[in-house]
Amino acid sequence: MKKPGPPELNGEIIHERRLMPLGLISLYEVTFNNGTYAVMRLDKTQPFHQGAVFKRVNDCWYCDEQLIHPYAFQFVDQAEAQRSFIEY
């Protein structure tokens, strides 16, 4: 029997900012369709804005149909995501 793959996961950017002083990393607070949140980091060559949708399909991540490579992150609750986004 074939093992089912991971379900498609969608997440909408609710806040975004660049990390200073050089602004080489963009930071995104994201709410996902499975009820979790995350703070995702991407390099500056992939800038996205509030309302854009991240999507995971078969372990690949996309935003606006563009393949992205986020740094490691954890799924957390809303309060932890807000705290992490502010303190990062």
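Everything quoted here is computed from the prediction, not taken from an experiment.

(A) Quick peek at helix α1 (residues 78-87). Taken together, the buried positions of α1 are occupied by Ala81, Ser84 and Phe85. Looking straight down α1, one finds that the buried residues subtend no more than 100 degrees of arc, so they occupy a single side. Residues Ala79, Ile86 and Glu87 are exposed on α1 and point more than 90 degrees away from its buried face. Elements in contact with the buried residues of α1: β1 (9-18), β2 (25-32) and β3 (37-43). Where α1 starts, the residue carrying a side-chain oxygen 3.4 Å from the main-chain nitrogen of alanine 79 turns out to be aspartate 77.

(B) Spatial organisation of the pairing of strand β5 (residues 60-63). Going residue by residue along β5, you find Trp61 and Cys63 tucked away on one face and Cys60 and Tyr62 left uncovered on the opposite face. Here strand β4 (residues 53-57) runs beside β5; their pairing, made up of four bridges, is antiparallel. By the bridge assignment for β5, valine 57 is matched with cysteine 60. Between β4 and β5, which pair antiparallel and follow one another directly, the connecting turn spans two residues, one of which, asparagine 58, has a positive phi of 50 degrees. Here β5 pairs with strand β6 (residues 66-68) via three bridges, running antiparallel. What sits directly across from tryptophan 61, in β6, is isoleucine 68. Where β5 hands over to β6, the hairpin turn is made up of two residues, of which aspartate 64 adopts a positive phi near 50 degrees.

(C) Representation of the pairing of β4. Burial of β4 is one-sided: the residues Phe54 and Arg56 facing one way are buried, the residues Val53, Lys55 and Val57 facing the other way are not. With four bridges connecting them, β1 and β4 associate as antiparallel partners. Bridging across to β4, glycine 11 finds its partner in phenylalanine 54.

(D) Broad picture of the side chain of glutamate 29. Looking at the secondary structure, you find glutamate 29 in strand β2. At 8.4 Å, arginine 17 is the nearest oppositely charged side chain to glutamate 29, a buried residue that forms no salt bridge. Dropping the residues within four chain positions of it, glutamate 29 is found in contact with Glu12, Ile13, Ile14, His15, Ala38, Gln78, Ala81, Gln82 and Phe85.

The rules we used
Residues numbered from 1 in each chain as written. Predicted model: local features only at pLDDT ≥ 70, side-chain atom pairs only at ≥ 80, totals over all residues. Heavy atoms only, no water. Buried < 20%, exposed > 50% of the residue type's maximum accessible area, 1.4 Å probe, protein only. Helix = DSSP H or I, 4+ residues; strand = E, 2+ residues; numbered from the N terminus. Arc of directions from axis to C-beta. Contact = heavy atoms within 4.5 Å. Polar contact = N/O pair within 3.5 Å; in protein donor to acceptor, adjacent residues only side chain to side chain. Pairing = 2+ DSSP bridges. Lys, Arg positive; Asp, Glu negative; His and termini not counted. Salt bridge = Lys/Arg side-chain N within 4 Å of Asp/Glu carboxyl O.

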